[in-house]
Amino acid sequence: MPSLHPAVAEVRRAVRSALTGLPEGAVVIVGLSGGADSLALAAAVGFEAPKLGLRAASVTVDHGLQPDSAEVASAAARAAATLGLDPLIVRVEVGTEGGPEAAARDARYGVLRDAARDVRAAAVLLGHTLDDQAETVLLGLARGSGAGSLQGMAAASDLDGIPLLRPLLEVRRATTRDACAAQGLEPWDDPHNRDPKY
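Residues numbered from 1 in each chain as written. Predicted model: local features only at pLDDT ≥ 70, side-chain atom pairs only at ≥ 80, totals over all residues. Heavy atoms only, no water.

Caption draft 1: The sheet that holds strand 3 (residues 86-91), seen in detail. The mixed open sheet is built from 6 strands, whose spatial order is 3-2-1-4-6-5. The strands lining the two open edges of the sheet, one partner per strand, are strand 3 and strand 5 (156-159). Going from strand to strand, the sheet's axes swing by 30° on average, the running direction of each strand aside. As paired strands, strand 2 (residues 55-62) and strand 3 are joined by 6 bridges and run parallel to one another. Within the sheet, the bridge partner assigned to Ser58 lies in strand 3 and is Pro87. Seen against the sheet, helix 2 (residues 36-51) touches strand 1 (27-31), strand 2 and strand 4 (123-125) and runs at an angle of roughly 165° to strand 1. Together, strand 1, strand 2, strand 3, strand 4, strand 5 and strand 6 (162-165) form the strand contacts of helix 4 (residues 100-118), whose direction differs from that of strand 2 by roughly 150°. (Pairing = 2+ DSSP bridges. Helix = DSSP H or I, 4+ residues; strand = E, 2+ residues; numbered from the N terminus. Axes fitted to C-alpha atoms, helices over the stretch in contact; angles between N-to-C directions. Contact = heavy atoms within 4.5 Å.)

Next comes the structure, spelled out in C-alpha cells:
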C-alpha cells in the first residue's frame, strides 16, 4: 500500500486539529476560490469532516472581476463536489470602497457569513497559509501599523458571531500546491495575484 504524500498528511493534520471538538452533525463551510490553498483545504476537509461526524460544504464567490470568473467558480464547485463537499456559488457585485481588493474581500466575507447563518454552520474555514501570514505582517509594517502588525491573522476569530478558522496558518503555500498535485487536483492561479493593482 503506497504511503500518504507528506504534503497531504500535513494539510490533513492541520484540518483535523481545527475540526476536532466541533459538535457532531454540524456543518462546516470552506471558502473555496479554486486556488491551491483553498483547494488543498477543501480536499482535507472532505476527507476529515466525515470521520468526525461533520458535514462539509463549500462557498465559491464569483466576484465578476475577470472575464472567465463564472467558469472558474464552476470549476471550483465541481472540484468541491468530487471531494465530498456540498458546493454553492454566489455571484456578487463588488463595490469600490477601500479599493478593489478590500471591496472584494468585504463582499466575500459577507457571502460567507450569510451562507453560514443560513445553514447554522459551526465554522467557516479559510485557506490562509503561513505565506499569507508573512505577507499580512509585512504589509502592516509597510503601512506603518507598528507592533500591532506583528500579530498577523488569528487561527481562530469571529465573523459576526460565526467561528472563522484558518487551519493552514502554519502550512507553507508550496505544501498546499504539493498536496494538490499529489491528489491530482488542478488549482486555479488568480492573475490578480500578480497584478500590483490588487
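Caption draft 2: Fine view of the environment of Thr20. Considering the arrangement of structural elements, one finds Thr20 in the loop between helix 1 (6-19) and strand 1. On a C-alpha basis, the gap between Thr20 and Ala49 in space is 9.1 Å, while along the polypeptide they are 29 residues apart. A polar contact is formed between the side chain of Thr20 and the backbone oxygen of Arg16, at a distance of 2.6 Å. (Polar contact = N/O pair within 3.5 Å; in protein donor to acceptor, adjacent residues only side chain to side chain.)

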